[in-house]
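This is what each chain is made of:
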Amino acid sequence: MNRAPLKRSRILHMALSGTSDPSGDEAGSEEMPFLLRALQIALVVSLYWVTSISMVFLNKYLLDSPSLQLDTPIFVTFYQCLVTVVLCKGLSILATCCPGIVDFPALRLDLRVARSVLPLSVVFIGMITFNNLCLKYVGVAFYNVGRSLTTVFNVLLSYLLLKQTTSFYALLTCGIIIGGFWLGVDQEGAEGTLSLLGTVFGVLASLCVSLNAIYTKKVLPAVDGSIWRLTFYNNVNACVLFLPLLLLLGELQTLWDFAQLGSAHFWGVMTLGGLFGFAIGYVAGLQIKFTSPLTHNVSGTAKACAQTVLAVLYYEETKSFLWWTSNLLVLGGSSAYTWVRGWEMKKVQEDPSPKEDEKSAMGV
């Protein structure tokens with residue numbers, strides 16, 4: 001249970017730096033001057049924050065802008081997946097042509113691998129679709145609370161699917177998150193801004209994010225442990241599976257009747273959204289590479305707090321004290337869970353098998 005984050009960080013090191021042993025990078029970073037190292041970390045964290053927050057606000061514009069008036073959330077998600085596929089293939093070609101300049105794995109569409117990745121792709125489609133549908137129906141300020149149950153689902157599914165137990169302190173932090181979620185829903189309702197449909201989509205998005213993390217570990221061997229190959233196949237499968245949904249939901253006809261279909265501004269914003277969707281995976285991995293999985297989670301929590309404040313200011317909203325309390329409970333519970341899990345991992349590493357020590361002392 002405690003080795004998964006370490007394994008994932010190694011995989012990200014391999015994917016981003018082309019090496020199978022991240023320890024060499026760590027040794028090199030220790031020799032780097034402190035100020036330069038701190039500047040690097042600050043730049044990477046800032047890049048992650050700017051990319052993530054910009055992506056959320058841009059997607060909100062595409063999904064629910066009064067000036068755009070485009071009601072095609074599935075097409076927006078499909079187009080972003082298509083942009084990711086094109087970018088992955090383009091970078092793969094560049095890496096082949098310029099091996100010393102661009103570092104990216106070779107990508108070739110293998111139908112057998114695509115079939116192996118398909119179960120994860122279904123979960124992936126649910127994750128990105130429900131994320132966008134949640135954002136369409138709820139405000140950016142409530143978006144973080146609406147999708148805050150991911151940690152709770154991680155604990156629940158780890159027990160149900162992987163038979164992994166969770167400590168009392170970690171369960172206590174999950175209770176804090178659940179309390180914050182319910183208080184946030186209550187306060188949105190009290191202010192008359194609650195979207196029940198958007199909240200349901202947020203819960204489903206949280207469930208899919210958790211399932212995606214679990215199934216990613218199972219599917220990675222099929223793509224030789226490469227995050228970028230997995231990204232490529234996930235998005236290829238998603239593009240194919242979205243096509244019948246576009247037809248069934250009538251979004252192609254809606255798009256055909258869209259007044260700004262021929263607008264360069266519209267397609268530019270759509271493509272920029274796809275670029276941000278692709279970039280967030282890279283900068284998240286970069287942040288883990290330059291810091292740690294634990295620091296990445298803390299940074300994500302702090303980013304969510306900044307995003308909420310920015311949304312309230314940008315949309316000129318007025319929120320009650322209890323509404324802000326719900327956000328603090330969610331963010332505090334998430335931070336506490338991250339700290340507890342990090343402390344437990346460190347404890348296991350320092351004292352991996354206390355029972356063995358006890359047996360030795362007893363002469364067994």
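Residues numbered from 1 in each chain as written. Predicted model: local features only at pLDDT ≥ 70, side-chain atom pairs only at ≥ 80, totals over all residues. Heavy atoms only, no water.

- As recorded by an unreviewed UniProt entry, the chain carries the name GDP-fucose transporter 1 isoform X1 and is attributed to Octodon degus.

### Some details on the overall build of the chain
Link 1 in the chain: When its secondary structure is counted, the chain shows 15 helices and zero strands.
Link 2 in the chain: Across the chain, the fraction of contacts at a sequence separation of at least 24, relative to all contacts at a separation of at least 6, is 82%. (Helix = DSSP H or I, 4+ residues; strand = E, 2+ residues; numbered from the N terminus. Contact = heavy atoms within 4.5 Å.)

### As for the environment of Thr 129
Link 1 in the chain: Within the secondary structure, Thr 129 sits in helix α5 (residues 111–137).
Link 2 in the chain: Taking the C-alpha atoms as reference points, Thr 129 and Phe 242, separated by 113 residues in sequence, lie 10.0 Å from one another.
Link 3 in the chain: Setting aside residues no more than four positions away along its own chain, Thr 129 makes contact with Ile 74, Thr 77 and Phe 242.

### A look at a nonpolar patch on the surface
Link 1 in the chain: On the surface, Leu 156, Tyr 159, Leu 160, Leu 161 and Leu 162 cluster together into a nonpolar patch covering about 450 Å² of accessible area.
Link 2 in the chain: Structurally, Leu 160 can be placed in helix α7 (residues 150–162).
Link 3 in the chain: Of the residues examined, Leu 160 reaches a relative accessible area of 48% and is grouped as partly exposed. (Patch = residues over 30% accessible without salt bridge, like charges linked within 9 Å, V, L, I, M, F, W, Y side chains within 5 Å. Areas by Shrake-Rupley, 256 points an atom, 1.4 Å probe, with all protein chains shown as cover. Salt bridge = Lys/Arg side-chain N within 4 Å of Asp/Glu carboxyl O. Buried < 20%, exposed > 50% of the residue type's maximum accessible area, 1.4 Å probe, protein only.)

### Focus on the side chain of Thr 199
Link 1 in the chain: By secondary structure assignment, the location of Thr 199 is in helix α9 (residues 196–219).
Link 2 in the chain: Ignoring sequence-local partners within four residues, the contact set of Thr 199 consists of Val 138, Phe 142, Gly 146, Phe 181, Val 185 and Leu 194.

### Focus: the side chain of Asn 212
Link 1 in the chain: By the secondary structure assignment, Asn 212 is in helix α9.
Link 2 in the chain: Aside from chain neighbours lying at most four places away, what touches Asn 212 is Leu 120, Val 123, Phe 124 and Met 127.

### Things to note about the packing of helix α3 (residues 34–64) against α5
Link 1 in the chain: For the pair α3 and α5, interaxial distance at closest approach is 9 Å and the crossing angle is 75°. It follows that α3 is roughly perpendicular to α5 by the angle criterion. Contact with α3, carried on its side by Val 56, Asn 59, Lys 60, Leu 63 and Asp 64, involves Asn 132, Leu 135 and Lys 136 of α5 and no other residues of that element.
Link 2 in the chain: When grouped by side-chain class, the residues that make up the contact of α3 with α5 number three nonpolar, two polar and three charged. (Axes fitted to C-alpha atoms, helices over the stretch in contact; angles between N-to-C directions. Parallel < 35°, antiparallel > 145°, perpendicular 65-115°, else oblique. Nonpolar A, V, L, I, M, F, W, Y, C, P; charged D, E, K, R; others polar.)

### Quick notes on unusual backbone geometry
Link 1 in the chain: Backbone geometry places Lys 163, a non-glycine residue, at a positive phi of 60°.
Link 2 in the chain: As for its placement among the helices and strands, Lys 163 is situated in the loop between α7 and α8 (168–190).

### Let's talk about the UniProt feature "transmembrane region" (unreviewed entry) in the chain
Link 1 in the chain: Residues annotated in UniProt with the feature "transmembrane region" (unreviewed entry) correspond here to residues 34–57, 77–101, 113–130, 142–161, 168–185, 197–215, 227–249 and 264–285.
Link 2 in the chain: With 84% helix and 0% strand, the stretch residues 77–101 has end C-alpha atoms that lie 31 Å from each other.
Link 3 in the chain: When the span residues 168–185 is considered, its composition is 100% helix and 0% strand, and the gap between its end C-alpha atoms is 26 Å. (UniProt positions renumbered as here; feature names shortened; annotations may be inferred.)

### A few points about the pattern of salt bridges
Link 1 in the chain: For the structure shown, the criterion picks out seven salt bridges.
Link 2 in the chain: Put simply, Lys 60 and Asp 64 hold a salt bridge, and the shortest N to O gap is 3.3 Å. Here Asp 64 and Lys 60 lie together in helix α3, a separation of four residues that amounts to about one turn.
Link 3 in the chain: By relative accessible area, Lys 60 is classed as buried at 9%.
Link 4 in the chain: Owing to a relative accessible area of 38%, Asp 64 belongs among the partly exposed residues under this scheme.
Link 5 in the chain: Across the pair Lys 136 and Asp 71 runs a salt bridge whose closest N-O atoms are separated by 3.0 Å. With Lys 136 in helix α5 and Asp 71 in the loop between α3 and α4 (73–97), this pair connects stretches of sequence that are 65 residues apart.
Link 6 in the chain: The class of Lys 136 is buried, set by a relative accessible area of 10%.
Link 7 in the chain: Through salt bridges with shared partners, a single network forms among Glu 188, Glu 191, Glu 317 and Lys 319.

### Concerning the confidence of the model for the chain
Link 1 in the chain: Here the chain averages 86 in pLDDT, while 88% of its residues score no lower than 70.
Link 2 in the chain: For the chain, the element scoring lowest by mean pLDDT is helix α15 (residues 354–362), at 43; α8 scores highest, at 95.
Link 3 in the chain: Here residues 1–9 scores under 50 on pLDDT; set against residues more than four positions off or in separate chains, the count is 14 contacts.
Link 4 in the chain: Scored below 50 in pLDDT, residues 11–29 shows 29 contacts in the model against residues more than four places distant or in partner chains. (pLDDT = per-residue confidence, 0-100.)

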